[in-house]
Amino acid sequence: MRAYDPRTGKLVPFLESLSMLEFVISPDRQWMAYSEYPTRYLWKSRLDGSEKVQLTSAYRNRRS
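Residues numbered from 1 in each chain as written. Predicted model: local features only at pLDDT ≥ 70, side-chain atom pairs only at ≥ 80, totals over all residues. Heavy atoms only, no water.

What follows covers the overall build of the chain. Each helix and strand counted, the chain has zero helices and six strands in total. Listed N to C, the secondary structure of the chain is β-β-β-β-β-β in terms of helices and strands. Considering only C-alpha atoms, the chain reaches an extent of 40 × 25 × 25 Å along its principal axes. Looking at the chain as a whole, 19% of its 64 residues qualify as buried. (Helix = DSSP H or I, 4+ residues; strand = E, 2+ residues; numbered from the N terminus. Buried < 20%, exposed > 50% of the residue type's maximum accessible area, 1.4 Å probe, protein only.)

The structure is reproduced here in structure tokens:
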């Protein structure tokens, strides 16, 4: 995963030990939620990857 660093104007490695599909950072910038690859389980953790909590145990693809 890479994240944009506004100071350098470049994409930089972000938590390389985690395999994520997508993530979102909380408004207070203390927490993030992310979907893990390849399971797509939803997790939350501190921005540094600590205090991980698994929020879901199954991925369900709903198609209309």
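Under the criterion given, the structure shown has zero aromatic pairs. Of note, Lys44 hangs over the ring of Trp31, and the distance from its end group to the ring centre comes to 4.7 Å. (Phe/Tyr/Trp six-rings, centres within 6.5 Å; stacked < 30°, edge-to-face > 60°. Lys NZ or Arg CZ within 6 Å of the ring centre and 35° of its normal.)

Examined against the element boundaries, Val24 turns out to sit in strand 3 (residues 20-25). For Val24 and Ser35, which are 11 residues apart along the polypeptide, the C-alpha to C-alpha distance reads 9.5 Å. Look past the residues within four positions of Val24 in its chain and what remains in contact with it is Trp31, Met32 and Ala33. (Contact = heavy atoms within 4.5 Å.)

What follows is about the nonpolar core. Core analysis: the largest hydrophobic core is formed by eight residues, namely Ala3, Phe14, Leu15, Leu18, Met20, Met32, Tyr34 and Trp43. Excluding residues within four positions of it along the chain, Met32 makes contact with Phe14, Leu15, Leu18, Phe23, Val24, Ile25, Trp43, Lys44, Ser45, Arg46 and Leu47. (Core = buried A, V, L, I, M, F, W, Y, C linked by side-chain atoms within 4.5 Å.)

Looking now at the pattern of salt bridges. Taken as a whole and judged by the stated rule, the model has two salt bridges. The shortest N-O distance in the salt bridge between Asp5 and Arg7 comes to 3.5 Å. Residue Asp5 is classed as buried on the basis of its relative accessible area, which comes to 12%. Among the ionic pairs, Glu51 bridges to Arg46, the shortest N-O distance being 3.3 Å. (Salt bridge = Lys/Arg side-chain N within 4 Å of Asp/Glu carboxyl O.)

All right, on to the side chain of Ser35 then. One can find Ser35 in strand 4 (residues 31-36). If we ignore the near neighbours within four places in the chain, the residues touching Ser35 are Ser19, Met20, Leu21, Glu22, Arg40, Tyr41 and Leu42.

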